[in-house]
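Below, each chain spelled out in residue letters.
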Amino acid sequence: MTDKIHYRRDGDIAVLRIANPPVNALSQEVRTGLAEGMNRAEADTGVRAVLIVGDGRAFIAGADIREFGKPPQEPHLPDLCNRIEASPLIVVASLHGVSLGGGLEVALSAHYRIAQPTARVGLPEVHLGLIPGAGGTQRLPRICGAKDAIGVITSGRHLGARDALALGIIDEITENDPEEAGLSYTRTLLAEAAARRPVSELPAPEPLDWDAVYEEVLKKGRGQISPAAAVRAVQASSELPFVDGLAEERRIFNDLMQTDQRKGMIHAFFAERQVSNLPELKDTPARQVEQIGVVGGGTMGAGIATAALLAGLRVALLEMTQQAAQAAGERIAGNLAGALKRGKITAEQQSRMLSENLICDTRDAALSDADLVIEAVFEDMDVKREVFGRLDAVCKPGAILATNTSYLDVNEIAAATARPSDVIGLHFFSPAHVMKLLEVVVADKTAGDVTATAFALGKRLGKTAVRSGVCDGFIGNRLLNACRSAADHMVLDGASPFQIDSALQDFGFAMGPFAVSDLAGLDIAWAMRKRRAAGRDPRERVGRYADKLCEAGHFGQKTGEGFYLYEKGRRGGTPDPRVIDLIKAERVERGITPRSFSDAEIQRRYMAAMVNEGAKVLGEGIAGRPLDVDMVQIFGYGFPRYRGGPMKWADMTGLPEVLADIDRFAQEDAYFWSAAPLLRELVAQGRTFDDLNRDA
């Protein structure tokens, strides 16, 4: 046996204890040790049952990520699960911590399962572009039925112990030590002469309307294929003998292994874990942050304050008037009520956050004890510089001053203080207590420990923090501006905003750019266009139809009218035909003869603009690695995770093909479609963006 599995006897029970810290991942050594442990138990005279239990923090957290992308090594997990289930001994799994993916599949191959109250189980393989491949799609439906199994597998969600008990995934919840509880439960089974209970021998699940379920799941996945493929695997559990169902599951699993979606989601999986790990911060201690200040209590400021409260921080929120402060407190209370409803916090925690950890005030002095202050006021340089001058005067030495600006120059904001080394950008995304992305904008004079503190705060808030340099729009909004310009050009040349939104939703985006503009507020982009107008290059094409909407007071969802019309109580909007009239009038005014665009061309142009701007951001050092750009787009802008991010998409599409698109589009507009030098360099060298990630 390997040293990853500890074998001992407790009377007539053999205990196999998994010891592969930190989370008992299913490495080749663990799989080998479990198989050898089963052999030893069955050869050990007097052993009547086997208890499988995990050491440390978890039962089995899943596959060993160090083996991802490598040729599979024996024993293969499906064979191990079948081996455990086929044992003539009674096999019990005692679960604690997490039992995910292959960890749950091992547990399902046992004959009985118990769990701690805090245990969580799940089959999250769809988040890697796969399906469970070691019997999960065949065993789980036999336990809880096809409908519930599909819900668990296609969502990839984690189930708490009570939910798992209700579905029959576990047989009992116990609060004792996992090994002691497992031994007690197993002794009871032996005393009662309980029979072996292989899941494979349970009745097949009742059939569903498989085609209808498949189409429903496919639509919900917005182009992601693995959840829908899981439906077909569960269908096999209902229609085929168990052994044949396993073979069908494996066939589907292997087919998915060859897809670009699997490659994209594996890339996103690793990039999410790498993005906040910056080598330059490895030995830089962060400053202590227990109390934060928030300046501005609108939607963004209230969201930031909510996120901080949920992370256990004390918050002092500053507003201009008592009425505004009260309104901010009500927004925060509403956000926390939503967290309570979703089960994120208890009523006691909610009450303590509002009564003990939150102050809404109008006096600058309320921020005097804050370790870090985040400004979330109107997006105007003069306003922000005035605020930072006040913060410089009132905040204690060593306090970090952060701006939530979306576009403005953080260096210029920092210059309004006598402590520019303490100034940093923390660009949250609305709603700030929900959205995972945090752009950490490092100014020229930002101290290293301030940057380290920003990343530590991001982790505490549950955010995916990405480092950005200073430029107009940083990483995310700079790319968004380029993509939106490409969309704007297509509208002027013949496409409709509604066709573009539809084509990009078909690509996998949660929303198209015009629907996003309505959600954010058309006045925000309008203000940005007016700010940039004085320095705009005369070669730049900018549509005026959106300005006309704003001049009429149509700012999107908040006014009920934008590119779409919004009715109270109705989800989503309907296209506003008046928008088409504005666009047609502008085409006539500019002398443009409209042409048709296919959905494929819309997607190609939009993505070419995004990739090209991403390459410029990388070439200028605004983003350090292509994976930084990918994570910003996935977590902040609704980019389909299964495509891995725009830079990974470009690699999978082929950088020569992307560059050829850009050069072809440049024949129409050489100013906008100017290929990034880095992109040309990579194509000339036969390299990819992934190569740059490996070099970093």
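This one's a predicted model, so the numbers in the text were calculated from it and none came from an experiment.

**Q** Could you clarify how one ought to interpret the packing of aromatic side chains in this entry?
**A** A ring pair, where both rings are aromatic, is described by two values, the distance of the centres and the angle of the planes. For the structure shown, the criterion picks out 14 aromatic pairs. Ring geometry for Tyr 112 and Tyr 185: centres 6.4 Å apart, planes at 65 degrees, overall edge-to-face. Taken as a pair, Tyr 112 in strand β6 (residues 112-115) and Tyr 185 in helix α7 (residues 178-191) lie far apart in primary sequence, 73 residues in all. Between Phe 672 and Trp 673, the aromatic rings sit 4.9 Å apart at their centres with planes inclined by 85 degrees, giving edge-to-face as the arrangement. Take Trp 673: its relative accessible area is 5%, and that puts it in the buried class. Geometry around Phe 269 places Arg 273 over its ring, the cationic atom sitting 3.6 Å from the centre. Lying over the aromatic face of Phe 597, Arg 595 brings its terminal NZ or CZ to 3.8 Å of the ring centre.

**Q** So what exactly am I meant to see when it comes to the side chain of Arg 31 here?
**A** Relative to the elements of secondary structure, Arg 31 occurs in helix α1 (residues 28-43). Engagement of the side chain of Arg 31 in a polar contact is seen with the backbone oxygen of Leu 26, the distance being 2.9 Å. With residues up to four places along the chain from it excluded, the contact list for Arg 31 reads Leu 26, Glu 67, Gln 73, Pro 75, Leu 77 and Leu 80.

**Q** How should I be thinking about the sheet that holds strand β7 (residues 120-122) in this particular structure?
**A** Whenever strands of a sheet pair, they do so through backbone hydrogen bonds, lying parallel or antiparallel. The sheet built from 3 strands is open, its strands ordered β5-β7-β8 with mixed pairing. Edge positions in the sheet fall to β5 (98-100) and β8 (159-160), since each has one partner strand and no second. Of the strand pairs in this sheet, β5 and β7 are connected by 3 bridges, and their pairing is parallel. Along β7, the bridge assignment pairs Val 98 with Arg 120. Each of β5 and β7 is contacted by helix α3 (residues 102-109), which is oriented at about 90 degrees to β5, the strand it contacts most.

**Q** It is not clear to me how a negative patch on the surface should be interpreted in this structure. Could you clarify?
**A** Among the surface-exposed residues, Asp 382, Asp 409, Glu 412 and Asp 444 lie close enough to one another that they form a single negatively charged patch. As for its position among the elements, Asp 444 is in the loop between β16 (437-441) and α17 (448-460). Take Asp 444: its relative accessible area is 70%, and that puts it in the exposed class.

**Q** Got a minute to help me understand the sheet that holds strand β10 (residues 291-295) in this structure?
**A** Overall, mixed pairing links the 8 strands, which are arranged β12-β11-β10-β13-β14-β15-β16-β17 in an open sheet. Strands at the two margins of the open sheet, each flanked by one partner only, are β12 (358-361) and β17 (464-468). Between one strand and the next, the sheet's axes are offset by a mean angle of 25 degrees, whatever the strand orientation. Across 4 bridges, the pairing between strand β13 (residues 372-375) and strand β14 (residues 400-403) is parallel. Each residue of the ladder has a partner; that of Glu 375, found in β14, is Thr 403.

**Q** Any chance you could explain the nonpolar core here in plain terms?
**A** Soluble globular proteins: nonpolar side chains tend toward being buried together. The biggest cluster of nonpolar side chains holds 75 residues, and the ones touching the most others in it are Ile 500, Phe 563, Trp 673 and Phe 689. By residue number, the principal contributor to this core is helix α24 (residues 599-619), which donates 10 residues. Discounting chain neighbours no more than four positions away, the residues touching Phe 689 are Val 611, Ala 615, Leu 618, Pro 626, Met 647, Ala 650, Asp 651, Leu 655, Leu 678, Leu 679 and Leu 682. Within the second largest apolar cluster, 64 residues are counted, among which are Ala 41, Val 47, Leu 77 and Leu 89.

Calculation notes
Residues numbered from 1 in each chain as written. Predicted model: local features only at pLDDT ≥ 70, side-chain atom pairs only at ≥ 80, totals over all residues. Heavy atoms only, no water. Phe/Tyr/Trp six-rings, centres within 6.5 Å; stacked < 30°, edge-to-face > 60°. Helix = DSSP H or I, 4+ residues; strand = E, 2+ residues; numbered from the N terminus. Buried < 20%, exposed > 50% of the residue type's maximum accessible area, 1.4 Å probe, protein only. Lys NZ or Arg CZ within 6 Å of the ring centre and 35° of its normal. Polar contact = N/O pair within 3.5 Å; in protein donor to acceptor, adjacent residues only side chain to side chain. Contact = heavy atoms within 4.5 Å. Pairing = 2+ DSSP bridges. Axes fitted to C-alpha atoms, helices over the stretch in contact; angles between N-to-C directions. Patch = residues over 30% accessible without salt bridge, like charges linked within 9 Å, V, L, I, M, F, W, Y side chains within 5 Å. Areas by Shrake-Rupley, 256 points an atom, 1.4 Å probe, with all protein chains shown as cover. Salt bridge = Lys/Arg side-chain N within 4 Å of Asp/Glu carboxyl O. Lys, Arg positive; Asp, Glu negative; His and termini not counted. Charge placed at Lys NZ, Arg CZ, Asp CG, Glu CD. Core = buried A, V, L, I, M, F, W, Y, C linked by side-chain atoms within 4.5 Å.

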